[in-house]
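# Working through the structure, step by step
One letter stands for each residue in the lines below.
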Amino acid sequence: MVTKLASSTVSNSASLRKVLAAINATPPAGIAFVLDAQNKLCGVVTDGDFRRWLLEGCNLDDSLKDISLNQFVHATAGESLEEIISRTNDKIRIIPIVNDQFELVDYIQIDKRMHLPVAVPDLNQGNELKYLTDAFLSSWISSQGAYINRFEEEFAAYCGVREGVATANGTVAIHLALTALGVGKGDEVIVPDLTFAATINAVLHAGATPVIVDVNLDDWCISVEEIKKAITPKTKAVIAVHLYGQPCEIDAIKALCESHRLFLIEDAAEAHGAAYKGQKVGSFGDIATFSFFANKVITTGEGGMCITDSTELAERMRILRDHGMNKQKRYWHEEVGFNYRMTNMQAAIGCAQLERIEPIITYRNELEEAYKEQFEATNLFTFQKKLPDREKTVWLVSALYEQEDKTAFMKLMRSNGIDVRPFFYPLSAMPIYTPYSFSNINSHLLSAKGLSFPTHWSVEVGKVAKALRQFTES
Ligand SMILES: Cc1ncc(COP(=O)(O)O)c(C=O)c1O
């Protein structure tokens, strides 16, 4: 990984043409190091900087002197490899190393293959490229085309419901669901404290008031008891999030919603294929929403879907998704809608992903078991529980770090190229959402301890385990 210093240096008065030549001359790095008159390192230029400069109107005969260079991360000779690597991330992959005089002596480039990100989409083992190319060549590249209908029908059927309404992403799917149900100003919507912010943002964008309630310590999902306590005459809906692929206590939540005449929306963005008492999540609520973002169980790049058993609600969502336009009378708008449509190209990828969803889920679930096996002896972690009657789909292998402070552990993992992510912050901890908090004890405990590990087709659990051993031994 430590490479010989290449001929990739330029003077800080060089023309952009020279800089570009230097970047071009060192293909693996794609970078030029800028030195001042005293030979000290004063800048690091990447091809990304170049793109920005050209867009800003610079030309190749301009001099670097006239351009203010970005700050850069560097290391000092003698620092440990771990220290240096821990400064890299998705954006910073090259770190120059300088001596005491700030002269460039070497650099480190993280080899992408050494890096184990939390998520990598699994796109190459099925018909993804074939269907995508087919959609592309058909010229139906916007939001009409055969793949849209097929993806909607097949995904809804997979979840055991009648209707699917594909959307641009999982966030607007929640907003579309709330709007179609008539939830808005003056209404309260109960949401869990531990979730991705999209859940509450959609409520706020709908003009309703979120009421944030605590989650359970065992399943990490919204607490039925807390929902009960938070219901008021203004409550109109509950959004139950199946967190990290764990089904919530959805039958009890459904019964509660029915007895109080509340709408139930399932935010199943992270739980494709998970089931409660043998019934797929997404088939309990009035509407359920999914995300097909690139890190999800199956993906369309960006993308989402609302599913429902109600043809009436589905029709309403289709109209709202398409600017509120009358289906029979083109350009005639009866209400203010949105453009929340998915493209045929996204749906083409979705159809291919759906063909492989079962092996994808099996692989993810087995991966979690492999992690558990490797991690068990350390007694450092409690994994997300497998509960009776619930078949979770592992979205991200997630566990609680049962020691005081997880930062040292995360640092060591990252220095080994292993991306370990902390959980979502509790919504109630963030000042923009704090005013909506009703209850929030467990969510804070879980969030403080929670970590997610690389969960995708190219994970080598052995590599993670090796780093873990290094940590426990130190
Ligand atoms: C629980 C939850 N809800 C909603 C979303 C939003 O989905 P998207 O990113 O497709 O907008 C996400 C995405 O990460 C999520 O995790």
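In protein chemistry, a disulfide is the covalent bond that joins the sulfur atoms of two cysteines. Under the definition given, this model contains zero disulfides. Its sulfur unpaired, Cys42 is 17 Å from the next cysteine sulfur, which belongs to Cys58. Overall, Cys42 belongs to the partly exposed group, its relative accessible area being 28%. The thiol sulfur of Cys351 is not disulfide-bonded, and the nearest other cysteine sulfur, from Cys159, lies at 14 Å.

Below, the discussion takes up the side chain of Asp419. Within the fold, Asp419 resides in the loop between helix 13 (407-415) and strand 20 (421-422). Each residue touching Asp419, except ones within four places of it in the same chain, is listed here: His115, Leu116, Pro117, Val118, Arg414, Ser452 and Pro454.

All right, on to the nonpolar core then. Membership of the largest hydrophobic core comes to 96 residues, with the highest contact counts inside it found for Phe155, Leu178 and Ile253. When residues of this core are assigned to domains, at least three fall in each of domain 2 (128-355) and domain 3 (357-473). Once residues within four sequence positions are removed from consideration, Phe155 is found in contact with His272, Phe290, Phe292, Ile298, Met305, Ile307 and Leu354. If you look at the next biggest cluster of nonpolar residues, it comprises 25 residues, including Val394, Phe409, Ala467 and Leu468.

Inspection of the secondary structure puts Glu315 in helix 10 (residues 311-321). The spatial distance from the C-alpha of Glu315 to the C-alpha of Val105 is 65 Å, given a sequence separation of 210 residues.

Along the chain, Asp267 turns up in strand 12 (residues 263-267). Spatially, the C-alpha atom of Asp267 lies 36 Å from that of Phe471, the residues being 204 residues apart in sequence. What Asp267 contacts, discounting residues up to four positions off in sequence, is Ile174, Thr199, Ile239, Ala240, Val241, His242 and Thr289. In terms of polar contacts, Asp267 uses its side chain to reach the backbone amide nitrogen of Ala269, at 3.2 Å.

This part takes up the pairing of strand 8 (residues 163-167). Burial runs high along strand 8: five of the five residues are buried. Of the two faces of strand 8, the one holding Glu163, Val165 and Thr167 and the one holding Gly164 and Ala166 are both buried throughout.

Moving on, we come to a nonpolar patch on the surface. A cluster of nonpolar side chains, namely Phe136, Leu137 and Ile141, defines an oily patch on the protein surface of about 330 Å² accessible area. Within the secondary structure, Leu137 sits in helix 4 (residues 128-138). Given the relative accessible area of 64%, Leu137 is considered exposed.

Rules and cut-offs
- Residues numbered from 1 in each chain as written.
- Predicted model: local features only at pLDDT ≥ 70, side-chain atom pairs only at ≥ 80, totals over all residues.
- Heavy atoms only, no water.
- Disulfide = S-S within 2.5 Å.
- Buried < 20%, exposed > 50% of the residue type's maximum accessible area, 1.4 Å probe, protein only.
- Helix = DSSP H or I, 4+ residues; strand = E, 2+ residues; numbered from the N terminus.
- Contact = heavy atoms within 4.5 Å.
- Core = buried A, V, L, I, M, F, W, Y, C linked by side-chain atoms within 4.5 Å.
- Domains from an automatic or database assignment.
- Polar contact = N/O pair within 3.5 Å; in protein donor to acceptor, adjacent residues only side chain to side chain.
- Patch = residues over 30% accessible without salt bridge, like charges linked within 9 Å, V, L, I, M, F, W, Y side chains within 5 Å.
- Areas by Shrake-Rupley, 256 points an atom, 1.4 Å probe, with all protein chains shown as cover.
- Salt bridge = Lys/Arg side-chain N within 4 Å of Asp/Glu carboxyl O.

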